[in-house]
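Fold and contact review
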Amino acid sequence: MGKINQKMVKTVETPEGVEGQGFFATSLDKVIGLARSNSIWPLPFATSCCGIEFMATMGANYDLARFGSERLAFTPRQTDLLMVMGTISKKMAPVLKQVYDQMAEPKWVLSVGACACSGGIFDTYSVLQGIDKVIPVDVYVPGCPPRPEQIIEGLMKIQELAKNESLRRRDSDEYQKMLESYNIESAEK
Ligand code: SF4
């Protein structure tokens, strides 16, 4: 195993703030955004072949752990990123929605692959034509299947959203209306 020196360790950029000798001040939402974006815990909802690409993404070559996201869980209450990878049948849709419902705010959704995004090649009576018919999606990753690099890019887009999100967004009328349009009850109510 090679030695790890300081140059190999990439640290995150300091948020905007005011700096002086012995102090640094910034706003609370920037610090929270920084912490959230670098410790995203995914819930892999993998139903078919795109799930295999995700397994490669977790392997040593692509190493999702670099982004602070190696801690996967199948427990919705302990995760904040729902990664949907694969064909979702209409029978499976209520299950997916229930998993989303059980996740605590703040939470994000990454739709991976053509099937999750739009039903893909399965334009049939039994397949949901996109998971955004039942839950809100933050980032779509195209491809059949997308390569691990694309999945990583999708995760990095989620990181950007998490980093720059206002702390008030989830309480806003706009967000509540969006949840209502999906018939999802807000966690705050
Ligand atoms: S998008 Fe393609 S690779 Fe992914 S689950 Fe659908 S058929 Fe399989």
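As shown above, the structure is provided for reference.
Quick summary incoming for the structure in this document. Chains are numbered independently. Their residues run from 1 in the order of the written sequence. Per-residue local features of the predicted model are confined to residues with pLDDT of at least 70, and side-chain atom pairs are confined, for both listing and counting, to 80 or more; whole-chain, interface and lining totals are unaffected and use all residues.

Considering the sheet that holds strand β3 (residues 42–46)
Here we have four strands laid out as an open sheet, ordered β3-β4-β5-β6, and parallel in their pairing. Two strands lie at the open edges of the sheet, namely β3 and β6 (139–141), each paired on one side alone. For this sheet, the mean inter-axis angle between neighbouring strands, taken without regard to orientation, is 15°. Only when DSSP finds a minimum of two bridges between them are two strands counted as paired. Under the DSSP-based scheme used, a helix requires at least four consecutive residues in state H or I and a strand at least two consecutive residues in state E, with every element numbered from the N terminus. Relative to strand β5 (residues 108–112), strand β4 (residues 81–85) runs parallel, the two being bridged by five bridges. All axes here are fitted lines through C-alpha atoms, helices being fitted over the stretch that makes contact, and every angle between N-to-C directions spans 0 to 180 degrees.

Structural notes on the nonpolar core
Core analysis: the biggest nonpolar cluster contains 32 residues, and Leu82, Met83, Val84, Leu110, Val112 and Ala116 have the highest contact counts within it. Of all the secondary structure elements, the ones that give two or more residues to this core are β3, α2 (49–58), β4, α3 (93–102), β5, α4 (113–118), β6 and α5 (148–164). With five residues, the top contributor of residues to this core is β4. Contact definition: two residues whose C-beta atoms, as placed from backbone geometry, lie within 7 Å. Excluding its chain neighbours within four sequence positions, the residues that come into contact with methionine 83 are Pro42, Leu43, Pro44, Phe45, Phe54, Leu110 and Val112. In this description, a nonpolar core means buried residues of the types Ala, Val, Leu, Ile, Met, Phe, Trp, Tyr and Cys, linked to one another by C-beta atoms lying within 7 Å. Any residue with 12 or fewer other C-beta atoms within 10 Å of its own C-beta is exposed, any with 20 or more is buried, and the rest are partly exposed; the C-beta atoms used are placed from the backbone.

Quick word on the pairing of β5
Burial analysis of β5 places five of its five residues in the buried class, the great majority of the element. Alternating positions in β5 separate into two faces, Trp108, Leu110 and Val112 on one and Val109 and Ser111 on the other, with burial throughout. Handedness of the crossover joining β4 and β5 through α3 is recorded here as right-handed. For β5 and β6, the ladder comprises three bridges, and the chain directions are parallel. With strands facing away from the observer, any crossover in which the path from the first strand over the helix to the second runs clockwise is taken as right-handed.

As for unusual backbone geometry
With an omega of -5°, the peptide bond between glutamate 105 and proline 106 qualifies as cis. Of note, proline 106 is situated in the loop between α3 and β5. Between cysteine 144 and the following residue, proline 145, the backbone shows a cis peptide bond with an omega angle of -10°. Among the secondary structure elements, proline 145 is positioned in the loop between β6 and α5. For aspartate 63, which is not a glycine, the phi torsion comes out positive at approximately 55°. Its location among the elements puts aspartate 63 in the loop between α2 and β4. Here asparagine 183, not a glycine, exhibits a phi torsion of approximately 60°, which is positive. Structurally, the position occupied by asparagine 183 is in the segment after α6 (173–181).

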